[in-house]
Amino acid sequence: MGSGGPYRRMVVAQVRGQTQYRASFVIDLVGSALFSLTDVLAVFVMFSVNGSLGGFGGREVLLMVGIAACAFPVADLAVGNVERLPFYVRTGLFDTVLVRPLSSLGQLLAMDFAPRRFGRAGQGVVIYLIALVAAPVDWHAWTAILAVLAPLAGAVFFGSLIVAGATVAFWWVESGEIAFAFTYGGKDFATYPVTVFGGFFRRFFAYGLGFAFVAYLPALAMLGRPDPLGVPAWLHWCSPLTALLAAALAGLFWRTGVRHYRSTGS
């Protein structure tokens, strides 16, 4: 059996266990899907007050919302359960993960896989497809490629951030709230044009942490619009490279955290 066999069995066991009570699972699935609508509704509320948002029209902002609404739930589906790491570290259960001849990160992702998150991911994909149809996208071959890669790159970026935030637990077990501030706060930041923010806050989140590469800059590339803030046009296409860099840094940080880990179990 291939190297993915053990992880696949873990995921299948999780899916079977969580879908055993179908009514409860369906309620969780639907509730998870409806949660994704809050970002879209928030944007529509803002447009009901102002005709534009940060200098962008409704259909243009919908494209940014769509990319973020697709990227984050996919990342959450794939790696969101790593946020349980503080529990494993606090109780010493992470020791049992390390003694197995498997990737520690792969085990955590497979052991606590949550199929109810398919609801949010599916709805995010639908919102993104609607945005692609509604927005005035400047379609050509490279735009079509970016339309496929942008949400995937965003998912890799968010997934890297989730893993990096969880890794802090190897040094500080009670770091969850700070990690959530960057992951979920960053998700909210990526939903809007960066032009609505100002000063240090925009520079830090948009360019220092790279959230502008999740939805804002790819949307500009697909729309064929220059950046009002003067970011060079070639950077609009760099979200896949940014995602790969984020993944490499998160992987390095994770390996460093595992080497630092000392059992706290009794």
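Remember, it's a predicted structure, so these values are computed and weren't measured experimentally.

Chemist: Before we move on, could you go through the overall build of the protein and cite the residues and values that matter?
Modeler: A tally of regular secondary structure across the protein gives 13 helices and zero strands. Listing each helix as α and each strand as β along the protein from the N terminus yields α-α-α-α-α-α-α-α-α-α-α-α-α. Considering the protein as a whole, with its 266 residues, one finds that 46% of them fall into the buried category. Accessible area for the protein stands at about 12900 Å²; split by element, carbon and sulfur atoms hold 69% of it.

Chemist: So what about the nonpolar core? Which residues, and what values?
Modeler: Counting 45 residues, the largest nonpolar core has Leu63, Ile67, Tyr128, Phe158 and Met222 as the members making the most contacts within it. At the level of elements, helix H4 (58-79), helix H8 (118-134), helix H9 (141-167), helix H10 (176-191), helix H11 (199-208) and helix H12 (216-223) are the ones that each hand at least two residues to this core. Top element by residues in this core is H4. It accounts for eleven residues. If we skip the residues at most four places from it in the chain, Met222 touches Leu63, Ile67, Tyr128, Leu132, Val137, Asp138, Thr143, Leu146, Ala147 and Ala150. In terms of nonpolar packing, the next biggest core, distinct from the first, is built from 17 residues, Leu109, Ala166, Phe170 and Trp254 among them.

Chemist: I'd like to hear about H11, residue by residue, with values.
Modeler: For H11, the complete set of buried residues consists of Arg202, Phe205 and Ala206. An end-on view of H11 places all buried positions within 90 degrees of arc, on one side of the element. Exposed positions of H11 whose direction lies more than 90 degrees from the buried face are Phe200, Arg203 and Gly208. Gly210 lies just past H11 and shows a positive phi near 90 degrees.

Chemist: A description of the pattern of salt bridges should follow, citing residues and the corresponding values.
Modeler: Per the counting criterion, the structure on display carries three salt bridges. Across the pair Arg225 and Glu60 runs a salt bridge, and its minimum N-O distance is 3.1 Å. Linking Arg225 in the loop between H12 and helix H13 (239-260) with Glu60 in helix H4, this pair joins segments that are 165 residues apart in sequence. Among the salt bridges present, the one from Lys187 reaches Asp188, with a minimum N-O distance of 3.3 Å. Its relative accessible area of 6% is what places Lys187 among the buried residues.

Each value, and the rule that gives it
Residues numbered from 1 in each chain as written. Predicted model: local features only at pLDDT ≥ 70, side-chain atom pairs only at ≥ 80, totals over all residues. Heavy atoms only, no water. Helix = DSSP H or I, 4+ residues; strand = E, 2+ residues; numbered from the N terminus. Buried < 20%, exposed > 50% of the residue type's maximum accessible area, 1.4 Å probe, protein only. Areas by Shrake-Rupley, 256 points an atom, 1.4 Å probe, with all protein chains shown as cover. Core = buried A, V, L, I, M, F, W, Y, C linked by side-chain atoms within 4.5 Å. Contact = heavy atoms within 4.5 Å. Arc of directions from axis to C-beta. Salt bridge = Lys/Arg side-chain N within 4 Å of Asp/Glu carboxyl O.

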